[in-house]
Amino acid sequence: MAIELIRAGEFDRLMRTKGKHYDGGGLILQVSAPGSASWVFRYKDRQTQKEHWPCIGPASAYTLDQAREKARLCRVELKEGRNPSDLLTNGRTAPTGKLFSTAMAEYLKVKSADWAASNRDRELRRYAYLFGQVPTFTALPLRIIDQDAKNRALSNWPVGSKQRRDVGFYIEAILRYAETGKLRLKKKRDVSHHEAMPWAEVPAFFVRLSDVETVGARALAFTILTGSRTDEVIGAKRKGKWTKLPATWGEIKEEDGKPVWAIPDDRMKAGLQHSIPLTPQMLALLGERRADNVPLFKVGNQNAMLNTLKALDKNDYTVHGFRSSFEDWGAEATDFPRDLVKLCTAHDTRTDTDRAYQRSALLAKRREIVQAWSDFVTS
C-alpha cells in the first residue's frame, strides 16, 4: 500500500486546488475551496462494508506530518478490529467556546415564541430530527465552523432536496443569531419604521420603480441590483463640497473579458478596491457609454434616491437597507455560500488564511450570485 504520496513542497499548491488529494493509507486532503481544507481518513466498516470518511481536523490546524500520524493510528485501530472514528472523536481535546448545539438551543428559545402554539412542538421536533442526523456538526464550536464544515453536514441529504435546503437555511439563521442577536424574520406590513425591505417584496417594488422615468429612479435601481452604498453610486456632499466623488464612466471596465464596476479604494468604506460584476440588467440602466469623467448618474440632490423610495413605499425603508435585503435573499432563498454573498457587498468575512490562498476576488462566483439576484429582482 503506497503511502506519503503528497510531497511537502506541493502542499501549498494543493491547498489552492479544489478536490480530494490522496496521501495514501486512507489519508486524504479534502479542499472544499482554495484555502479551506480538512484532513479525512477513509475506511470501510468490515461488517457492513459501508465507507466512512471521519474528519481528522482542519488542514490549518494539523500539519502534514501530524495528519499522517493520526492516519497511522487509525490504521492500527482497523487492524485490531476497532473503529477509527472512535479514536478521532475521543482523542480530540474538548472544544472551547460556544457549541453550535448551544447556539441552536438559544435561537430556538427565542424563535419558537413567534410560532403558533399549534405548530411549536412540530417545528421543534423537526429541528431535533434534522440536526440529530449530523451530531458531529452540532458538537462543533462556533469559532471553527466554516463552509467546509457546513458542506459536510449538508452532504447527508441529496442536492436539491427540501431537507438540505432547510438545514442550510437553519444553519445560517442560527449562526447569524449567535453573531448579531437578530432573527431572520419576515417583516410584517403593519409594523412601522422598517429599515430593510423584505427580499420577497423587492421584485414588486422594482416593477413600480421601473415606471418612474427619472435619473434618481435609475440610480436607485442600479444601487439595488449592485448591492452598493448610496455614496458609492452618487457620491456625497457636505456644505456644498464633495466628501466622496460619484461613480463615473471611468470606473466601468472589463475583467476576465466581462464588464465590471471597479470602485477605487478611496471611494470604498473599507479603503479596499472593489469590483462588482455587471449584469445585463445593470448595463441597461447605464445606457450608452460616455466620457470617463462623466458621472454614471447625475442626480439633482443627495436625497434623490431616498425621495424616490419614499414616494413609492410608505414603510420607512432605507436605500442602504437593500444591501440587507440582498444578503437575506442569499441566505434564505439560495444555496450560495454565506461568505461569498457577503463578499458581493464588500463585507469580507474570510479569515486571514482564506485571503492568503484566495488571492482572486472570486469574481466568477460572485458574477453568478449577482446575476441570480438581478434575475430575481427583475422577475
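Residues numbered from 1 in each chain as written. Predicted model: local features only at pLDDT ≥ 70, side-chain atom pairs only at ≥ 80, totals over all residues. Heavy atoms only, no water.

### Comments concerning the side chain of Gln281
1) Next: Residue placement: Gln281 occurs in helix 12 (residues 280–286).
2) Next: Residues in contact with Gln281, not counting those within four places in the same chain, are Leu225, Gln371, Ser374, Asp375 and Thr378. (Helix = DSSP H or I, 4+ residues; strand = E, 2+ residues; numbered from the N terminus. Contact = heavy atoms within 4.5 Å.)

### Some points on the sheet that holds strand 9 (residues 252–255)
1) Next: The strand order across the open sheet built from 3 strands is 9-10-11, with neighbouring strands paired in antiparallel fashion. The open sheet has two edge strands, strand 9 and strand 11 (274–277), and neither has a second partner. Pairwise comparison of adjacent strand axes, ignoring direction, gives a mean angle of 45° for this sheet.
2) Next: Alignment of strand 10 (residues 258–263) against strand 11, held across 4 bridges, turns out to be antiparallel. Paired with Val260 across the bridge in strand 11 is Pro277.
3) Next: Of the strands in this sheet, strand 9, strand 10 and strand 11 touch helix 17 (residues 363–377), which is tilted by about 50° from strand 11. (Pairing = 2+ DSSP bridges. Axes fitted to C-alpha atoms, helices over the stretch in contact; angles between N-to-C directions.)

### Remarks on the state of the cysteines
1) Next: What the rule picks out here adds up to 0 disulfides.
2) Next: Summary of cysteine pairing: Cys74 is not part of a disulfide, and the nearest cysteine sulfur, belonging to Cys55, is at 11 Å. (Disulfide = S-S within 2.5 Å.)

### A few points about the nonpolar core
1) Next: Counting 46 residues, the largest nonpolar core has Leu220, Phe222, Ile224, Trp261 and Leu296 as the members making the most contacts within it.
2) Next: Top contributing element to this core by residue count: helix 10 (residues 215–226), with 7 residues.
3) Next: Residue contacts for Ile224: discarding those within four places in its chain leaves Val202, Phe205, Phe206, Leu209, Phe322 and Trp373.
4) Next: Ala153, Ala173, Leu175 and Tyr177 belong to the second-largest nonpolar core, a separate cluster that totals 25 residues. (Core = buried A, V, L, I, M, F, W, Y, C linked by side-chain atoms within 4.5 Å. Buried < 20%, exposed > 50% of the residue type's maximum accessible area, 1.4 Å probe, protein only.)

### Observations concerning the confidence of the model for the protein chain
Caution applies to low-pLDDT regions: their predicted coordinates should not be interpreted in detail.
1) Next: Scored by pLDDT, the protein chain comes out at a mean of 84, with 91% of its residues at no less than 70.
2) Next: Segment residues 185–194 is flagged for pLDDT under 50; beyond a separation of four residues in sequence, or across chains, it makes 20 contacts in the model. (pLDDT = per-residue confidence, 0-100.)

### Focus on the packing of aromatic side chains
1) Next: Going through the model one piece at a time under the given rule, you end up with 20 aromatic pairs.
2) Next: Taken together, a centroid distance of 6.4 Å and an interplanar angle of 50° make the contact between Trp329 and Phe336 tilted.
3) Next: You can call Phe336 partly exposed: its relative accessible area is 22%. (Phe/Tyr/Trp six-rings, centres within 6.5 Å; stacked < 30°, edge-to-face > 60°.)

### As for the pairing of strand 10
1) Next: Judged from the 4 bridges that link them, strand 9 and strand 10 form a sheet pairing that is antiparallel. What sits directly across from Glu254, in strand 10, is Pro259.
2) Next: Hairpin geometry of strand 9 and strand 10 is characterised by an intervening segment of 2 residues between the two adjacent antiparallel strands and by a positive phi of about 55° at Asp256.

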